Amino acid sequence: MSPILTLIAQRIALGVLLLFAVSVLIFAGTQILPGDVAQSILGQSATPEALANLRRELGLNDPAIVRYFSWLGGVLTGDLGTALTTRQPIASTLMPRLWNTLFLAFWAAIVSVPLAVILGLLAVRYRNGPIDKAISGFALASTSLPEFFIGYLLIFFVAVQMQWFPSISTVYAGMPLADKLNAIVLPATVLVLVVLAHMMRMTRAAILNVMQSAYIETAELKGLSSFDIIRKHAFPNAIAPIVNVIMLNLAFLIVGVVVVEVIFVYPGMGQYLVDHVSKRDVPVVQAVGLIFAAVYIGLNIIADIAAILANPRLRHPK
Amino acid sequence: MSKELEFLSRHVASGRLSRRDFLGRAAALGITAPFANMLLSSAAQAQAPVRGGILKAGLQGGEATNSLDPATFLSQVPFNFAKCWGEYLVQLAPGGLENRLAEEIGSSDDAKVWTFKIRQDVEFHNGKTVTAEDVMATLERHSNEDSKSGALGIMRGIESMKVDGRDVVITLKEPNADLPYLMADYHLIIQPNGGKDAPDAGISAGSYKVAVNEPGVRYVGERFANYWQPDKEGFADQVEIIVVNDPTARTSALQGGQVHMINRVEPKIVDLIKRVPGVEIKTVSGPGHYVFIMHCNTAPFDNVDLRMALKLAMDREEMVDKILRGYGTVGNDFPINSSYPLFADDIEQRAYDPDKAAFHYKKSGHDGPVLLRTSEVAFPGAVDAAQLYQQTCAKAGITIEVKREPGDGYWSEVWNKQPFSTSYWGGRPTQDQMYSTAYLSSADWNDTRFFNEKFDKLLIEARAELDQDKRKNLYREMSIIVRDEGGLILPMFNQYIDAISDKVGGYGDGVNHELMDGYALARCWVKA
């Protein structure tokens, strides 16, 4: 096997291992929470017999290790268990929420990633000039403002005053795509503004770093235009750190947007998790925790692999 | 009717003039309030309902954990949606009850045996006819301990039930003259076979059928074609509830025209909303109230003089003014106000009196600070209220130490556990129900640890008393006992504050609860 494939396989194996470790932590964490699951289902007025029955029914009398493996077995076969509060299978209520979150994250990423990279390239091309300063200033300002504040500003001016876009971003199954897109314009804009600066600054810094190299000087001396130098020589060598920061921001777009979801009433995972935490619905919290962990680890694996692939020393071993 | 009055009443009906302003104008024209009110209602009726369209509400109080099983209802969104799809035996109406599925209600002379005659030819959403058996099965399910129904408390008094033709005959363990009122409880939706087969199927006989049920996100009801009173409810083709828990998002959704009505407008922004064109504020006085509760059996609160001192050190006017911004009324240390039937309005109002409070405080012999626990979740503004109270107590020489507890766990660790804390009650439909829930010695939630034999005896006696004047007197006596001897400091009754857009037609007076007691979506229409 070529060394690069071995490396990639190693990364993936490590990621899977890490995910198992996280699952142990999540399970252990929810176990040491105070209170008893049966008690929290039946409430304070539960009779001892009813509690005993429910504990038996839920298998709470088994040792924790047995319960962990039966939970894990369920997860691996696609069965996330049953919500305590609604007695519905978790997968069926969670999946639509997950899709909504991915939908919003997707469109925010589609706009923000190319925009950030292009702005970063422009900033490098015109570095230290007025364009660079303007781009950096705008991006940093939008990142410095808390996201709820940007959200409320947009709601006030764009939704209430001008009434261009709705302030409520409720989307649902069966809604036409155009309506959905119209509904998420404002939250997606907020997310774009929040993640833009980080990615843009990183692109700028990574490329500038490469621009100090001797081979860039050579490229300049042989008469290439500055855009060609950036595009052909600097950018490919700066990809690894850029992909890393992009993946971090994508992960944020998926797991860190509770506030934006609340402000725009968007039915995503964040609000779903908060609702269940406040009701002590442990199986749902476990499932959501595991999905968030998987997203984080998965995106980081992709970043690692991209970095490996972008590295010519690994692609073309001696 | 004078031209001006007619003009004004049409203005009210179309929402261009507030009810209060109209009554003021009418008084200026020499018209008495009852007559002016009558003019108003005829004007509202003259405004013909419009059929069609989608009526939308943006509401607080919905979670992803909600279910359509009526036994589990607790928050505002399931409550409001319930009034769209669910059909009940009766409904609370201004000044009494409105019969819904119950065509006639009768009782034995001792109020122990009650007969509900069930309306004929009413259809469930699944095409079956509503029968007395369905009604009985519903009541059975909610009386079952395993159902964990929110209505279990009121169902416990039932000894046996039977069906006799169209009648459901209920025999109670103890007489209770209030039984019909209890049937208006929002959990008691009549379901086919009582919902025993599929409790969360969302099938009843209300004016809208459940079309979309996405807990914590949105609900849609489609007009039920075979609804039994089509001239009264079900005007819009569709009703939609969007769960909007963030207050700012709710307000902007109303302003931006995405929803027609919202609940829970925060008192501090009411004056701002009033200035928004096309939006009108609606308030409902209900039985809900905010409380400071002391355990009567725990030191130092087992001393009646200390309790009296703490009651007298409460500046109620200031509480209503600053915490409720005027959207409420002062309380009098018993949990009943004019929204309850048989309320005695001649009980002397307790006022802030630091001198008298100091006198009782000295008499109690207590020394040192009194610890009051509070949290933002106790009621909106609870922490501010505790600090205001600290100030007014200080003027009477009483030192209050305010301890702010975390909101998470407040209801399980602090309320009903610690001897002095802040809390709220949503109120109950009848005085008997309120007192039985929290003030009877054996009550489930006796959160003031109030054990008073005389009070208990009066409460049982009042249940069996069918003579309304005598009952009113019994309740009056009980109110005074709680007021003077209990562990309850009740500074204020809060109002529900809703806001509606000018596109909503047919908005009427609600009783007891927000948005016309939850019937706003079912009874209003979208103006053409």
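Cut-off values and rules
Residues numbered from 1 in each chain as written. Chains lettered and ligands numbered in written order. Predicted model: local features only at pLDDT ≥ 70, side-chain atom pairs only at ≥ 80, totals over all residues. Heavy atoms only, no water. Contact = heavy atoms within 4.5 Å. Buried area = accessible area lost by both parts, 1.4 Å probe. Salt bridge = Lys/Arg side-chain N within 4 Å of Asp/Glu carboxyl O. Polar contact = N/O pair within 3.5 Å; in protein donor to acceptor, adjacent residues only side chain to side chain. UniProt positions renumbered as here; feature names shortened; annotations may be inferred. Helix = DSSP H or I, 4+ residues; strand = E, 2+ residues; numbered from the N terminus. Phe/Tyr/Trp six-rings, centres within 6.5 Å; stacked < 30°, edge-to-face > 60°. Buried < 20%, exposed > 50% of the residue type's maximum accessible area, 1.4 Å probe, protein only. Lys NZ or Arg CZ within 6 Å of the ring centre and 35° of its normal. Disulfide = S-S within 2.5 Å.

Considering the interface of chain B and chain A
- Contacts between the two partners involve 25 residues from chain B and, on the opposite side, 26 residues from chain A.
- Contact between chain B and chain A buries roughly 2,100 Å² in total, counting both sides, with carbon and sulfur atoms accounting for 55%.
- Here chain B is connected to chain A by zero salt bridges.
- Our enumeration of links across chain B and chain A arrives at six residue pairs in polar contact (both at pLDDT 80 or more).

Let's talk about the UniProt feature "transmembrane region" (unreviewed entry) in chain A
All names here are of chain A.
- Within the UniProt annotation, "transmembrane region" (unreviewed entry) is assigned to residues 12–33, 102–126, 138–161, 181–199, 238–264 and 284–310.
- A distance of 35 Å separates the end C-alpha atoms of residues 102–126, which is 96% helix and 0% strand.
- Along residues 181–199 the backbone is 95% helical and 0% strand, and the end-to-end C-alpha distance reaches 24 Å.

Some points on the packing of aromatic side chains
- One pass over the structure, following the stated rule, counts 18 aromatic pairs over all chains.
- Seen in terms of ring centroids, phenylalanine 79 of chain B and tyrosine 186 of chain B are 5.1 Å apart; in terms of plane orientation they differ by 85°. Their pairing is edge-to-face. Of this pair, phenylalanine 79 of chain B sits in helix α4 (residues 76–85) while tyrosine 186 of chain B sits in the loop between α7 (179–182) and β8 (208–214), and the two are 107 residues apart along the sequence.
- Since its relative accessible area comes to 4%, phenylalanine 79 of chain B is described here as buried.
- A centroid spacing of 6.0 Å and a plane angle of 80° characterise the contact between tyrosine 435 of chain B and tyrosine 439 of chain B, whose relative ring orientation is edge-to-face. Across the pair, tyrosine 439 of chain B and tyrosine 435 of chain B agree in class, each one buried.
- One aromatic cluster is present, formed by Phe27, Tyr68, Phe69 and Trp71 of chain A through successive ring pairs.
- Directly above the ring of tyrosine 88 of chain B sits lysine 83 of chain B, whose terminal nitrogen or CZ lies 5.6 Å from the centroid.

Comments concerning the state of the cysteines
Residues and elements named next belong to chain B.
- As enumerated under the stated definition, the model contains zero disulfides over all chains in all.
- Here cysteine 393 stays free of any disulfide, with the sulfur of cysteine 296 as its closest cysteine sulfur at 17 Å.
- Given a relative accessible area of 0%, cysteine 393 falls into the buried group.

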